Amino acid sequence: MDTNTAIFLTMVIPTGAAVTNLLFRNNPNLRDGLTLAAAVATFLCVLAILSNVGNSTTEQVQLFEVFPGLSIAFNVEPLGLMFAIIASGLWILTHLYGIGYMRGNNETHHARFFASFSLAIAAVMGIAFSANMFSLFVFYEILTVSTYPLVAHKGTPEAIKGARTYLGILIGTSIGLQLLAIIWTYTLTGTLDFTQGGILEGYIAGPMVAVLLALYAFGIGKAALMPFHRWLPAAMVAPTPVSALLHAVAVVKAGVFTMLKVGIYIFGIDFLAETGASEWLMWLAAYTIIAASIIAITKDNLKARLAYSTISQLSYITLGMALATSMGALGGGLHIAMHAMGKITLFMAAGSIYVATHKTNISQMNGLGRIMPFTYGAFFIGALSIIGLPPLGGSWSKWLLVLGAADTGQWIMIGVLMLSSLLNVYYLLSIVGRGFFLPAADQPADAKIAESPTLVWLPPALTAAGCVVLFFYAGELQEFLSPIVSGYGGEADG
Amino acid sequence: MAVDATQHVAMTFTEHLPVLQVLVTFVAAPLVVLLGSRQLSWLIAFVASAVSFVIAIFLLMQVIDGSVISYHIGGWAPPLGIEYRVDATNAFVILLVTAISTIVLPYARESIKDEIPAKHHTLFYAAFLLCITGLLGVAITGDAFNVFVFLEISSLSTYVLIAQGSYRDKRALTAAYDYLIMGTIGATFFVIGLGMLYMVTGTLNMADIAERIADQGSNRTVRAAFGFIVVGIGLKVAIYPLHLWLPNAYTFAPSAVTVFLAATATKVAVYILLRFTFSVFQPAFLFEVNTLEYIILPFAIVAMFAASFIAIFQNDFKRMLAYSSIAQIGYMLLGISLLTETGLTAAIAHLFNHGITKAVLFMGVGALVLKTGGSFYNRIEGMGKIMPWTSAAIVIGGLSLIGVPGTAGFISKWLLVEASIEKGWWPVSVLIVLSSLLAVIYVWRVIETLYLKAPEGPVLQKAAPLSMLIPLWIAALACIWFGFATDITLSASRSAAQGLLAGTAGMM
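Residues numbered from 1 in each chain as written. Chains lettered and ligands numbered in written order. Predicted model: local features only at pLDDT ≥ 70, side-chain atom pairs only at ≥ 80, totals over all residues.

Asks: It is not clear to me how the overall build of chain B should be interpreted in this structure. Could you clarify?
Replies: Per the secondary structure count, chain B includes 21 helices and 2 strands. Seen through its principal axes, chain B has C-alpha atoms that stretch 70 × 60 × 45 Å. Restricting the contact set of chain B to residue pairs at least 6 apart, pairs at least 24 apart contribute 79%. (Helix = DSSP H or I, 4+ residues; strand = E, 2+ residues; numbered from the N terminus. Contact = placed C-beta atoms within 7 Å.)

See the structure below:
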């Protein structure tokens, strides 16, 4: 299959799955089976693109020319390809998990749920393969709108309120700030193509660079940079499969992915380093990392704690871009993959606990680890990866970020990263500790193993294994990503 | 020989397209009344409208590159005779009017059956045809007084059409009466302005007036004429403080009439405003520049915010949309008052894009009304489940109204922001995006009502008829289509903008 066809298919197949979900709304097995087939097919298409990388040119495919010089266009680029592989691969697992979760929990409106889910995946593929900021923005907004029904899914007053916050912040920042930034860039340069080395150099100078960067950084609300982070905890009212794939992987990663794209291909790392325009962003990211970790400690609701942990981890990636060194950007890119694998494990484990026991608060989860060893084992591994300990994937991206900070002499940033790791240890491992060592309040000490349904505990176990695998393949992944910063003079192959 | 003859006929046919554009519907109107058959009247109206639509496409194809067609009625040469003049600007508006009328008529058939007693149907279609005729005539003519004549044809038939809503709600009568008073004041102001221009220039042909004004320089009578004309047309456009007739007229008119009016009538009025401010008066006319910058622009911005705020607090879907229309007219006026090519392009593109967006939304309301008997939010709760197709189309229309990427509304918003940044008016570009966010709030109130509330009371399991759903979805898909494929909209609006900015030169 040639690359162009495959790119289109990665968007067409999930969209088709959305349609079949609605058509076969009354036939659950056929409906879910077709979606599973679509997920596998999408993943295969992404793999086909990957296998073509070496032998095909990196030309872009143009679909519509919307404005003169601005089109809906796609191309293949390492960062985007990695994002597409993660999202489509994890979609298969999450879909299996979702079937188990939705059925095990007697949730309603399955067809609408899975249809919106598939549509969101199509939007994510669009974001991953966008060849310019204009296309990216179009799919970014489609992603926001298509995930709204998922957040409002339960239809309770609480869900409606959460969904309002979700939509309000995401649409508000993207139209209010990001759109302005994009149009401003376009009027300055006359193009929005993602170009190696950036497009802005020579068109803008002085403090305005920092202002434009601020419009982008805050406008990309999905990156959950403080103070625009509240949508993420609000989105936790959604069923857990949504939190797992969309609000730990697809949506938030779309945010930081956009952030990296803007930093690398719109501004250009060198341009940011020369003008120092991103220094304030570095400090803000550092603040978000620490503040969100501290808030996470205070949260007793498991999903809320994970949400704040996500906010903190996303700012690692923003920090990587804001360091304005190739090592930092590379570390940020790598962290997209590492954090995705770790965090989806944690969320799926949290959902598994909920399905088996209907418990949401950490203080009620004493002793559960002995009853649900697979779930808790997966959670433990995921947590270690997030903390950044070997032999798990998360250690490499943190290592690169530390190197990036050392490169620029930002010693305080190294301190921030270390402090954050310590906070992670505290708020994540305490959950595991409670599960395994504290006596359960309402169960006999010798209770038998009572895991959630297989479809619910198996996917997190697999992603936990993925965290281990990523540790050993991190070198290859890094080499794969290195073209995004090559040509910047920095040592890309550290 | 036969081939030559056919060719000759075809040639004359093409030559006479400008006048046929107006004549087809104009002749169909009395025909409907004379035949007096209910079934036939719909058919005649639809065929006439469809033929006009085809003619409009031919006309636009001829002028989209920026050329101008001048047609002399009865062979009398202007400035003495009446001239029809087609350029990219009005061909585009004509296309919008005929396209909407052709979509609305199939939709109207079922909707009207439900809302108007059967014995009035023939007269309804006659009035509808006259309304189309009036709007087309206003758009196509190159004679200033002729504009006034056609404006009155369309206005008078509009009053009648709005009053037809009285079978459902008696307040339609006061709404029509209010509009009659305001509309007449507007028309009077307009004709006074024309009188002054005639006094100064001694001619009524627009191109001719333009030329002679240029020779006059700035003259107090010319300025007064400009003021009268802008206020007069402003009433028809519903420029912010002159908008009072609009909410009631839109709310109480029959659904199909609201669709047609919202999508076309104010748009044609915007066109006259454009034609007079740019083609008749000079774009460089300092008095005009000041008026646009210090009067129209502030009012446009006030409209964008005030009307949006009011829309947020409405409890009637139809009324909410009416207020949103006032706000959206603000965007068009904003684009005009920027006085740049991009700004005008944005205004003209928005005129079209907003036309189809509002068509979707008002058609959606009409389908809801048919089923639930009302458009209040508490009546339409939970309809997302019961009327999935109608509700989904409303969601698409709503997204386009907000200006979400991938919809037609996004294209014009983008252009508008681009134009204001180009001009260096930063605060204005921020205000545009802020007011779009208000649209998010009022659109989302509807979406929450449709999807997240449980339906109240017993529900009749009756879906909207296909004859309503198909037009609704054609318009909804057009909203998405014109969000990606912008060839037609952008090139037409851009050459229209260039033509307008060329001023008198563009008329020649």
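Still to come is the rest of the account.
Asks: Please explain the overall build of chain A as it appears in this structure.
Replies: A count of helices and strands for chain A gives 18 helices and 2 strands. Here the C-alpha atoms of chain A give a radius of gyration of 21 Å, agreeing with the 23 Å that 2.2 N^0.38 yields for 494 residues. Over its C-alpha atoms, taken along the principal directions, chain A stretches across nearly 70 × 55 × 45 Å. Of all 494 residues assigned to chain A, the portion counted as buried reaches 62%. The contacts in chain A between residues at least 6 apart in sequence include a share of 80% that link residues at least 24 apart. (Rg over C-alpha atoms; globule rule 2.2 N^0.38 Å. Buried ≥ 20, exposed ≤ 12 C-beta atoms within 10 Å, placed from the backbone.)

Asks: How should I be thinking about the interface of chain B and chain A in this particular structure?
Replies: With 22 residues of chain B at the interface, the matching set in chain A holds 23 residues. Mapped onto the side of chain B that touches chain A, the elements with two or more residues apiece are helix 17 (408-423) and helix 18 (426-452) of chain B. At 10 residues, the largest contribution of residues to the side of chain B that touches chain A is made by helix 18 of chain B. Here the residues of the side of chain B that touches chain A are counted per class, giving 15 nonpolar, 4 polar and 3 charged. (Nonpolar A, V, L, I, M, F, W, Y, C, P; charged D, E, K, R; others polar.)

Asks: How should unusual backbone geometry be read in this particular structure?
Replies: Glycine aside, residues mostly have negative phi, and peptide bonds are mostly found in the trans state. Residue and element names in this part refer to chain A. Cis rather than trans, the peptide bond between M226 and P227 has omega equal to 5°. Among the structural elements, P227 can be located in the loop between helix 7 (207-219) and helix 8 (231-234). With a phi close to 60°, H358 is a non-glycine residue in the positive phi region. The residue H358 is located in the loop between helix 13 (326-357) and helix 14 (368-371) in this model.

Asks: Honestly, the packing of helix 4 (residues 88-115) of chain B against helix 19 (residues 466-484) of chain B in this entry has me stumped. Any pointers?
Replies: When two helices pack together, their arrangement is given by the angle between the helix axes and the distance between those axes. Residues and elements named next belong to chain B. Between helix 4 and helix 19, whose axes approach to 8 Å, the crossing angle comes to 150°. The angle between helix 4 and helix 19 falls in the class roughly antiparallel. The two elements helix 4 and helix 19 meet at a crossing, and its hand is left-handed. Residues I103, V104, P106, Y107, R109, E110 and S111 of helix 4 touch helix 19, and the partners they reach there are S467, M468, P471, L472, I474 and A475. Residues that form the contact of helix 4 with helix 19 fall into these classes: 9 nonpolar, 2 polar and 2 charged. (Axes fitted to C-alpha atoms, helices over the stretch in contact; angles between N-to-C directions. Parallel < 35°, antiparallel > 145°, perpendicular 65-115°, else oblique. Left-handed = near helix turned anticlockwise from the far one by under 90°.)

Asks: What is the right way to read the packing of helix 13 of chain A against helix 15 (residues 373-387) of chain A from this model?
Replies: Residues and elements named next belong to chain A. Direction vectors running N to C along helix 13 and helix 15 enclose 150°, while the axes themselves pass 8 Å from each other. It follows from the interaxial angle that helix 13 and helix 15 lie roughly antiparallel. When you trace helix 13 past helix 15, the crossing you get is left-handed. Residues M338, H339, M341, G342, K343, T345, L346, A349, S352 and I353 of helix 13 lie in contact with helix 15, whose contacting residues are T375, A378, F379, I381, G382, A383, S385 and I386. Its residues placed into classes, the contact of helix 13 with helix 15 shows 10 nonpolar, 7 polar and 1 charged.

Asks: How should the nonpolar core be read in this particular structure?
Replies: Within soluble globular proteins, side chains that are nonpolar generally end up buried alongside one another. Ranked by internal contacts, the top residues of the largest apolar core, which has 399 residues, are A87(A), V124(A), L129(B), I162(B), V360(B) and A475(B). V360(B) has contacts with A393(B), I396(B), G397(B), L472(B), A475(B), A476(B) and C479(B), leaving out every residue within four places of it along the chain. (Core = buried A, V, L, I, M, F, W, Y, C linked by C-beta atoms within 7 Å.)

Asks: What is the right way to look at the environment of A464(B) in this model?
Replies: All names here are of chain B. As for its placement among the helices and strands, A464 is situated in the loop between helix 18 and helix 19. The exposure class of A464 is buried, given the 22 C-beta atoms found within 10 Å. Sequence separation of A464 and R275 is 189 residues, and the distance between their C-alpha atoms is 40 Å. Filtering out sequence-adjacent residues up to four positions away, A464 remains in contact with A367, L370, K371, M387, T390 and L469.

Asks: How should I be thinking about helix 7 of chain A in this particular structure?
Replies: In an α-helix there are 3.6 residues to a turn, and that puts residues three or four apart on one side. Over its 13 residues, helix 7 of chain A extends 18 Å from the first C-alpha to the last, a length consistent with the 18 Å expected when each residue adds 1.5 Å. Looking at the packing, one finds that the buried side of helix 7 of chain A touches helix 6 (157-189), helix 9 (240-267), helix 10 (269-275) and helix 11 (279-298) of chain A. (Expected span 1.5 Å × (residues − 1).)

Asks: Please clarify how the environment of L22(A) should be interpreted in this entry.
Replies: All names here are of chain A. By the secondary structure assignment, L22 is in helix 1 (residues 3-23). Residues L22 and H110 lie 88 residues apart in sequence; the distance between their C-alpha atoms is 9.5 Å. Look past the residues within four positions of L22 in its chain and what remains in contact with it is A111 and A115.

Asks: Before we go on, may I ask you to explain the pairing of strand 2 (residues 83-86) of chain B in this structure?
Replies: Regular strands place side chains that alternate from one sheet face to the opposite one. Residue and element names in this part refer to chain B. Along strand 2, one buried face is formed by E83 and R85 and the opposite face, lined by Y84 and V86, is buried too. Looking at chain direction, strand 1 (residues 69-72) and strand 2 are connected through 4 bridges and run antiparallel. Residue pairing in the sheet places Y71 in a bridge with Y84 of strand 2. (Pairing = 2+ DSSP bridges.)

Asks: I keep staring at the confidence of the model for chain B and nothing clicks. Help me out?
Replies: The predicted coordinates ought not to be read in detail in places where the model reports low pLDDT. All names here are of chain B. In this model, chain B carries an average pLDDT of 86, and 94% of its residues clear a pLDDT of 70 or more. Looking at the elements of chain B, mean pLDDT is at its lowest for helix 21 (residues 504-507), recorded as 48, and at its highest for helix 5 (residues 121-140), recorded as 93. The ipTM, which scores confidence in the relative placement of chains, is 0.83 for this predicted complex, and the corresponding pTM is 0.87. (pLDDT = per-residue confidence, 0-100.)

Asks: Can you help me understand the confidence of the model for chain A in this one?
Replies: Confidence along chain A averages 84 in pLDDT terms, with 95% of residues attaining 70 or more. Long-range and interchain partners of residues 487-494 of chain A, a stretch whose pLDDT sits below 50, account for 18 contacts in this model, where long-range means more than four residues apart.

Asks: For this particular structure, what's the right way to read helix 4 of chain B?
Replies: Residues and elements named next belong to chain B. In this model helix 4 runs 38 Å from its N-terminal to its C-terminal C-alpha over 28 residues, within 8% of the 40 Å that 1.5 Å per residue would give. Most pronounced at A108, the bend in helix 4 amounts to some 45°. Counting buried positions over the 28 residues of helix 4 gives 25, a clear majority of the element. (Bend = angle between axes of the 7 residues up to and from the residue.)

Asks: Quick question: what am I supposed to make of the environment of V443(B) here?
Replies: All names here are of chain B. With respect to the helices and strands, the residue V443 is situated in helix 18. Assessed through the 25 C-beta atoms surrounding it within 10 Å, V443 is described here as buried. Measuring from C-alpha to C-alpha, the distance between V443 and Q498 comes to 34 Å, with 55 residues separating the pair along the chain. Residues contacting V443, with those up to four places away along its chain left out, are G398, L401 and I402.

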